[in-house]
Amino acid sequence: MVTTSAPNSQKQNKSTGKSAIPQPKTARGEATRRAILAAAERVIGEKGYNDASIGHITSEAGVAQGTFYIYFKTKEQVFSELVLEMGRLVRHTISESSVSLTDRLDVEKAGLTAFLRFVRAHPNLYKIVQEALFVDPAAYQEYYSKFVTGYRVGLLAAVKKGQISEGDAEIRAWALMGIGRALGEQLVVFHTKKTIPELVDSAHHLIVNGLKP
């Protein structure tokens, strides 16, 4: 349970420049908030941002429409929070997958596997994040920027340990993220018949060995 005082609820998110959303003060309130976010993920993912309504979201969540406004002011606000919430969940999932690993190449493989499993469980992720580029560019940029920041730190640490070769950590972070994003799209948008282990093994071989014969 996270408690936020009233003054803090008016603070702005430094990345998006928007007022931070007050966090529920009870476990029940947090459960309701998460139910609304989960419903928004399904509704917006299926209908698209423009065609989804607050009524659709509250109906899917099983709450009164007035309850929505306790947690969010507008449809755009719940959408933006959904994008950032999914970013947090993905980063946590990837981090948990490699908590016991010490070699960077093993971390890469475990992280890619965890990411693709998350994507399969949340197939609307791509539609929502891609829409964010047009609906809320600031949330879209924050979604990816936070990934890059953590990724870059991990790659630099691995270079110092001699686990990977030297190179521009930021460019590498974006390139590796691109691999994961493309494979995730192949999985849930193009509905590939290949399994997650097949996708990961092939991509990991490329990451480790490159394209040289």
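Here's what I pulled together on the structure shown here.

Scoring rules and cut-offs
Residues numbered from 1 in each chain as written. Predicted model: local features only at pLDDT ≥ 70, side-chain atom pairs only at ≥ 80, totals over all residues. Heavy atoms only, no water. Helix = DSSP H or I, 4+ residues; strand = E, 2+ residues; numbered from the N terminus. Buried < 20%, exposed > 50% of the residue type's maximum accessible area, 1.4 Å probe, protein only. Contact = heavy atoms within 4.5 Å. Areas by Shrake-Rupley, 256 points an atom, 1.4 Å probe, with all protein chains shown as cover. Axes fitted to C-alpha atoms, helices over the stretch in contact; angles between N-to-C directions. Left-handed = near helix turned anticlockwise from the far one by under 90°. Parallel < 35°, antiparallel > 145°, perpendicular 65-115°, else oblique. Phe/Tyr/Trp six-rings, centres within 6.5 Å; stacked < 30°, edge-to-face > 60°. Lys NZ or Arg CZ within 6 Å of the ring centre and 35° of its normal.

Across its full length, the protein holds nine helices and zero strands. Starting at the N terminus and walking to the C terminus, you meet the elements of the protein as α-α-α-α-α-α-α-α-α. When each of the 213 residues of the protein is scored for burial, the buried share is 41%. At a minimum sequence separation of 6, the contacts of the protein that also span at least 24 residues come to 62%. Roughly 12100 Å² of accessible area belongs to the protein as shown, and the carbon and sulfur atoms make up 55% of that amount.

Moving on, we come to the packing of helix α5 (residues 104–121) against helix α8 (residues 169–188). Where α5 meets α8, the axes come as close as 10 Å, and the angle between the chain directions of the two elements is 35 degrees. In this structure, the crossing between α5 and α8 has a hand that is right-handed. The segment α5 lies against α8, with E108, L112, F115, L116, V119 and R120 engaging L176, G180, R181, L183, G184, L187 and V188.

Working note: a packed helix pair is described by the angle between its axes plus the distance between those axes. The contact between helix α6 (residues 125–135) and helix α7 (residues 137–160) brings their axes to 6 Å, and the two run at 125 degrees. As far as their axial angle goes, α7 and α6 are oblique. Note on packing geometry: the crossing formed by α6 with α7 is left-handed. Contact residues: L125, V129, Q130, A132, L133, F134 and V135 in α6; P137, Y140, Y143 and Y144 in α7.

As enumerated under the stated definition, the model contains seven aromatic pairs in all. Where Y143 meets Y144, the ring centres are 4.9 Å apart and the plane angle is 80 degrees; that geometry is what we call edge-to-face. One cation-aromatic arrangement involves K75 over Y49; the distance from NZ or CZ to the ring centre is 4.3 Å. One residue, R91, lies across the ring of F147, its end atom 5.8 Å from the ring centre.

A word on the environment of V189. Residue position: V189 is located in the loop between α8 and α9 (196–209). Residues V189 and N124, 65 residues apart in the sequence, show an inter-C-alpha distance of 9.2 Å. Each residue touching V189, except ones within four places of it in the same chain, is listed here: Y126 and G184.

Our next topic: the environment of R181. Residue position: R181 is located in helix α8. Residue classification places R181 among the partly exposed positions, given a relative accessible area of 28%. R181 sits 65 residues away from L116 along the chain, and the two C-alpha atoms are 8.8 Å apart. For R181, the residues in contact, after removing those within four places along its chain, are F115, Y126, Q130, Y140 and Y144.

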